[in-house]
Amino acid sequence: MRNSSDWKPTAYRTHTIGQVVSNGAKIIGKEVTIAGYAETVRGRGAICFLMLRDGTGKIQAFLKKDNMESDIFDSMQSSTRESTIKVTGFVAQKRPPKVKEGEALPSPEYEINVSSGEILASSETPLPVGVIDDVNVGLDVRLDNRHLDLRRTHVNAMFQLRSKVLQYGREHLIKEGFMEMNSPKIIASASEGGTNLFPMMYFDTPAFLSQSPQLYKQLAVLGGLERVFEIGPAFRAEKHDTYRHLNEFISFDIEGAWMNDEDVMGVQERMINHIWTCVAQNDQNLIDSINVYRNSQGNDSIKVEIPSIPFPRIAYCDAIEIVKSGGAEIEWGDDIESHHCDIIAAKYPGFHFIPRWPMAMKPFYIHHKENEKSTSGGQLSRGFDLNYGRDEMTSGGQREHRVEILEQNLRNMDLNPEDFNFYTDGFRYGAPPHAGWGLGVARLLMVLTGAGNVREVVLFPRDRSRVTP
RNA sequence: GCCCUGAUGGUGUAGUGGCCUAUCAUGCAGCCCUGUCGAGGCUGCGACCCGGGUUCAAAUCCCGGUCGGGGCGCCA
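None of these values were measured; they are calculated from a predicted model.

Let us now look at the sheet that holds strand β7 (residues 186-187). Spatially, 3 strands are ordered β7-β9-β8 in an open sheet, and the strand pairing comes out antiparallel. Each edge of the open sheet is held by one strand with a lone partner, namely β7 and β8 (199-202).

Set out below in structure tokens:
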């Protein structure tokens, strides 16, 4: 539940429920108006108990037929679950519940002794997904009804955490001198290469949805903005169907001038460390909400373990050796696949960087140094990944800032440099050495919240078969 | 794109050819209750994904379709 201690009254309430819950002792006897969703409606006689919930807390409203107009009482006691209701009444201390012998009484709670009220919008029945039901609901049904799913405490908590993670990430980058920018999402041609793009018509011109802000953040740095970041959508027309892929996702991207790969790895590990530190300090209540649900489903609690920095760096060449010694078949130049990552993660649980990939496996815009070769003579690059367990969080690297090398890289990959003028033209008038990365926000949230599927931490996910809601 | 797997009331499930006009929980509706709090008691409501086939007999077996889930590949 959100902390609303500073929230002002609105047209529909004098207090948030959270304000009454946390201040009850000081405002006993005071008349307040609150509004919320009817979580339960109990008692069908001459008294009635409404459990009201808003985004800040839950409180019981006590209705007695003698204390109010009978038609208001009748409509409220026959209201359906999840209807939105406004009540006016006096704050009172709640009678303590019966407890088994030997058990301690809970700490004092407060309720509203209702004198009048109004149903703002009644809920149809039955609910397509229960908000407080114990029954486990399938993800697909939940996503079809996300507006109701979101009323569940632990789901709500996950999205509050998501907001916090973005907030703390922003705070940290701004502190390190990065400024927020926005790049276009409608583009004429691929800005990164590699994956398939969604085609679209831009009036009479064929265009695509952007797969990455890569080129634009580099152009911003070339233009002298020095240090930039962007949190925005990226679109990939890949027909994958996994717990960690979506066709639209939010990418957390940075780019910094006069930096190399090691510099931006430092930015990243400091940022992640800052996010975890802030969550541990400020948001344990959200983690607790998630754990209440996890425990009810027989899952272990999650803990916010602040990752210490620096994160381990396992150079690609070393990673290959670790995988080999773990018994898997892999050669220098092969991609490190998920089952290989399991072997590495067994040795390095938690966040770890994998720098110095073979140049041939990285995009043409990644920087390399001629003298950095593998023992077998293969050219290494200044590209890196950040992994957690078997999952890739980030891809990044130092970029190539010399246009003649960029064009040579393209030729080395059997590509025609003229086809990439949209990219290389920006590099013809002087360019600072620079580096950056792109981080999958939902994947980071999976690590923090223990979610087993990115769809859990994306409000309205877009996957291969889902375009609504 | 490949491999595996699944679809039963609103939701989550039981069911392995006849015992199924289908189990349980939750929900929903109605009645009882002036302090409930996982409220309780009583009475009801509500389902075998679609199409074809096998069989005396199909929720159950076979084929096709649709829509899910898991794994792989690719990536963030």
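Picking up where we left off.
A separate point is the nonpolar core. The biggest cluster of nonpolar side chains holds 49 residues, and the ones touching the most others in it are Phe-252, Trp-437 and Leu-444. One finds Ile-27, Ile-34, Ala-38 and Val-87 within the second-largest nonpolar core, a separate group that totals 23 residues.

The subject of this paragraph is the pairing of strand β5 (residues 110-121). Direction of pairing for strand β3 (residues 57-64) relative to β5: parallel, over a ladder of 3 bridges. Bridge assignment links Phe-62 to a residue of β5, and that residue is Asn-113. By the bridge criterion, 10 bridges tie strand β4 (residues 84-93) to β5 in an arrangement that is antiparallel. The residue bridging Val-87 from the neighbouring strand is Gly-117, located in β5.

Next up on the list: the domain arrangement of chain A. Each assigned domain of chain A is listed with its residue range as follows: domain 1 (17-121) and domain 2 (153-457). On a C-alpha basis, the centroid separation for the pair domain 1 and domain 2 is 48 Å.

Next up on the list: the sheet that holds β5. The mixed closed barrel is built from 5 strands, whose spatial order is β1-β2-β3-β5-β4. Taking each pair of neighbouring strands and ignoring which way they run, the sheet shows an average axis angle of 55 degrees. Packing of helix α2 (residues 70-77) onto the sheet brings it into contact with β1 (31-42), β2 (47-54), β3, β4 and β5, and relative to β5 it is tilted by some 85 degrees.

With that out of the way, let us pick up helix α8 (residues 284-296). In a regular helix each residue adds 1.5 Å, so 13 residues correspond to 18 Å; α8 covers 18 Å between its end C-alpha atoms and thus fits that length. Where α8 is buried, its residues contact α5 (153-175), α7 (261-282) and α13 (441-449). One or two steps after α8, the chain reaches Gly-298, where phi turns positive at roughly 80 degrees.

Among the surface-exposed residues, Ile-186, Tyr-202 and Phe-203 lie close enough to one another that they form a single nonpolar patch of about 360 Å² accessible area. Relative to the assigned elements, Ile-186 resides in strand β7.

Tracing the backbone through its elements, the reader meets Thr-16 in the segment before α1 (17-23). Dropping the residues within four chain positions of it, Thr-16 is found in contact with Ser-4, Trp-7, Asp-54 and Thr-56.

Take the side chain of Arg-13 next. Here Arg-13 is to be found in the segment before α1. A polar contact of 3.3 Å, which involves the side chain of Arg-13, links it to the side chain of Asp-54. Those residues in contact with Arg-13, other than ones at most four positions away along the chain, are Trp-7, Thr-33, Ile-34, Ala-35 and Asp-54.

Next up on the list: the pairing of strand β14 (residues 391-398). Of all 8 residues that make up β14, 6 are buried, and the element is covered over most of its length. Relative to β14, strand β13 (residues 383-388) is paired through 6 bridges, and the arrangement is antiparallel. In the strand pairing of β14, Asp-385 is matched with Ser-395. Between β13 and the antiparallel strand that follows it, β14, lie 2 residues; Gly-389 among them carries a positive phi value of about 60 degrees. Of the pairings in the sheet, the one linking β14 to strand β15 (residues 434-440) comprises 5 bridges and is antiparallel in character. Note that in β15 the partner of Ser-395 across the bridge is Gly-438.

Next up on the list: the state of the cysteines. Chemically, a disulfide is nothing more than a covalent bond linking the sulfur atoms of two cysteines. Overall, the coordinates contain 0 disulfides when judged by the stated rule. Cys-317 carries a free sulfur, and the closest cysteine sulfur to it, the one in Cys-341, is 16 Å from it. On the basis of relative accessibility, which here comes to 22%, the residue Cys-317 falls in the partly exposed class.

Here is what the cut-offs are and how they apply
Residues numbered from 1 in each chain as written. Chains lettered and ligands numbered in written order. Predicted model: local features only at pLDDT ≥ 70, side-chain atom pairs only at ≥ 80, totals over all residues. Heavy atoms only, no water. Pairing = 2+ DSSP bridges. Helix = DSSP H or I, 4+ residues; strand = E, 2+ residues; numbered from the N terminus. Core = buried A, V, L, I, M, F, W, Y, C linked by side-chain atoms within 4.5 Å. Buried < 20%, exposed > 50% of the residue type's maximum accessible area, 1.4 Å probe, protein only. Domains from an automatic or database assignment. Axes fitted to C-alpha atoms, helices over the stretch in contact; angles between N-to-C directions. Contact = heavy atoms within 4.5 Å. Expected span 1.5 Å × (residues − 1). Patch = residues over 30% accessible without salt bridge, like charges linked within 9 Å, V, L, I, M, F, W, Y side chains within 5 Å. Areas by Shrake-Rupley, 256 points an atom, 1.4 Å probe, with all protein chains shown as cover. Salt bridge = Lys/Arg side-chain N within 4 Å of Asp/Glu carboxyl O. Polar contact = N/O pair within 3.5 Å; in protein donor to acceptor, adjacent residues only side chain to side chain. Disulfide = S-S within 2.5 Å.

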